[in-house]
Amino acid sequence: MDNFTASLSLMLKQLKLSTMLQQWNTLDKKAIEEQWSPQQYLSELCHIELATRDDKRLQRLLNDAKLLVGKHLSSFDFPLVDGVSKPLVADLINQPDWLKHGGNILLFGASGLGKTHIASSIGYGLIEQGYKIKFVAASAIVQQLQQAKRHLRLQDEVIKLDKYSLLIVDDVGYVRKTEQETRVLFELIAHRYERHSMIITSNKSFEQWDELFEGSTMTVAAIDRLVHHATIIHC
């Protein structure tokens with residue numbers, strides 16, 4: 001390795017251009033063979049570096065989101081489900097302005113009709129556009145928030161979730177009606193109101209939400225916050 005090669009490799013490493021570091025030596029042979037200009041060679045190196053970074057960022061977002069594997073828009077059988085259309089879901093993905101004002105999506109329907117699949121497909125579509133998404137079962141997020149509350153860290157915990165543009169809370173209808181569980185769930189809804197978006201799936205309609213929350217006042221307050229800027233889908 002000559003001094004120029006060693007110096008270039010060191011500079012690329014210091015600049016954290018890891019893909020360029022891996023590819024420049026191989027690509028320069030192709031550039032010489034095909035008589036590329038210096039600008040074309042540099043442009044191709046930059047393109048490879050940026051593409052690799054985009055791929056890695058997308059993979060980090062997917063790993064963090066914990067979306068259900070394979071639940072994409074293309075694999076959902078819309079003709080089998082009344083009340084939801086592919087254009088509607090596609091618009092929610094392709095026109096994500098609703099995220100800017102903390103809009104919500106509420107998916108209602110019996111078990112097995114694809115509420116979770118639709119929620120996940122929206123999550124996948126938004127991640128491809130660079131949004132941070134988190135998918136979590138309602139029972140799991142409630143337990144997480146309850147534990148934080150016991151350690152006097154509830155506010156810190158809900159603030160940590162602010163980094164996600166969209167929080168998908170799956171199967172709210174299975175949350176047990178206890179004061180501890182419903183209180184922390186309400187705190188989460190109230191905290192994200194008009195600030196950050198949520199998708200909530202539930203096998204119970206609003207008329208049945210008295211079974212979820214402790215007292216009609218909390219039920220009404222939770223529903224009011226969720227529906228203020230919401231798209232409601234009945235499967």
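Whatever comes next refers back to the structure up there.
Residues numbered from 1 in each chain as written. Predicted model: local features only at pLDDT ≥ 70, side-chain atom pairs only at ≥ 80, totals over all residues. Heavy atoms only, no water.

Notes on the pattern of salt bridges
Applying the stated criterion across every chain yields a total of seven salt bridges. In this structure, the salt-bridge partner of Glu49 is Arg53, at a minimum N-O distance of 2.9 Å. Separated by four residues within a single helix, Glu49 and Arg53 lie in helix α3 (residues 38-65), roughly one turn from each other. One salt-bridge network, held together by shared partners, links Arg153, Glu157 and Lys160. (Salt bridge = Lys/Arg side-chain N within 4 Å of Asp/Glu carboxyl O. Helix = DSSP H or I, 4+ residues; strand = E, 2+ residues; numbered from the N terminus.)

Remarks on empty space enclosed by the protein
Tallied over the entire structure, the rule returns one cavity of 30 Å³ or more. Of the volumes computed, that of the largest cavity is approximately 30 Å³. Surrounding the largest cavity, Gly102, Asn104, Ile189, Arg192, Tyr193, His196, Met198, Arg225 and Leu226 form its lining. Among the secondary structure elements, those contributing two or more residues to the lining of the largest cavity are α8 (179-192) and α9 (216-227). (1 Å grid on protein atoms, 1.4 Å probe; cavity = no way out; pocket = protein on both sides within 12 Å on 5 of 7 lines; lining within 4 Å. Points joined across faces, edges and corners; volume = space filled by probe spheres on them.)

Quick look at the environment of Val169
Its location among the elements puts Val169 in strand β3 (residues 166-170). Spatially, the C-alpha atom of Val169 lies 7.8 Å from that of Ile141, the residues being 28 residues apart in sequence. Discounting chain neighbours no more than four positions away, the residues touching Val169 are Val136, Ala138, Ile141, Met198, Ile199, Ile200 and Thr201. (Contact = heavy atoms within 4.5 Å.)

So, the side chain of Thr116
With respect to the helices and strands, Thr116 occurs in helix α5 (residues 115-127). In this structure Thr116 comes out as buried when scored by relative accessible area, which is 17%. Polar contacts involving the side chain of Thr116 include one to the side chain of Asp170, which spans 2.7 Å. Each residue touching Thr116, except ones within four places of it in the same chain, is listed here: Leu68, Phe135, Asp170 and Thr201. (Buried < 20%, exposed > 50% of the residue type's maximum accessible area, 1.4 Å probe, protein only. Polar contact = N/O pair within 3.5 Å; in protein donor to acceptor, adjacent residues only side chain to side chain.)

As for the sheet that holds strand β5 (residues 230-234)
In space, the five strands of this open sheet follow the order β2-β3-β4-β1-β5, with parallel pairing throughout. Across the chains shown, the open sheet's two edge strands, defined by having one partner strand only, are β2 (133-137) and β5. For this sheet, the mean angle separating the axes of adjacent strands, direction not counted, is 10°. Here β2 pairs with β3 via five bridges, running parallel. Looking at β3, one finds that Ile133 is bridged to Leu166. Its contacts with the sheet put helix α6 (residues 138-150) on β2 and β3, and the angle it makes with β2 is roughly 95°. (Pairing = 2+ DSSP bridges. Axes fitted to C-alpha atoms, helices over the stretch in contact; angles between N-to-C directions.)

Comments concerning helix α4 (residues 86-94)
For α4, the complete set of buried residues consists of Val89, Ala90, Leu92 and Ile93. All buried residues of α4 fall inside an arc of 155° around its axis, so they share one side. Opposite its buried face, α4 presents the exposed residues Pro87 and Asn94, each directed more than 90 degrees away. Structurally, α4 contributes buried residues whose contacts are with β1 (104-108), α5 and β5. (Arc of directions from axis to C-beta.)

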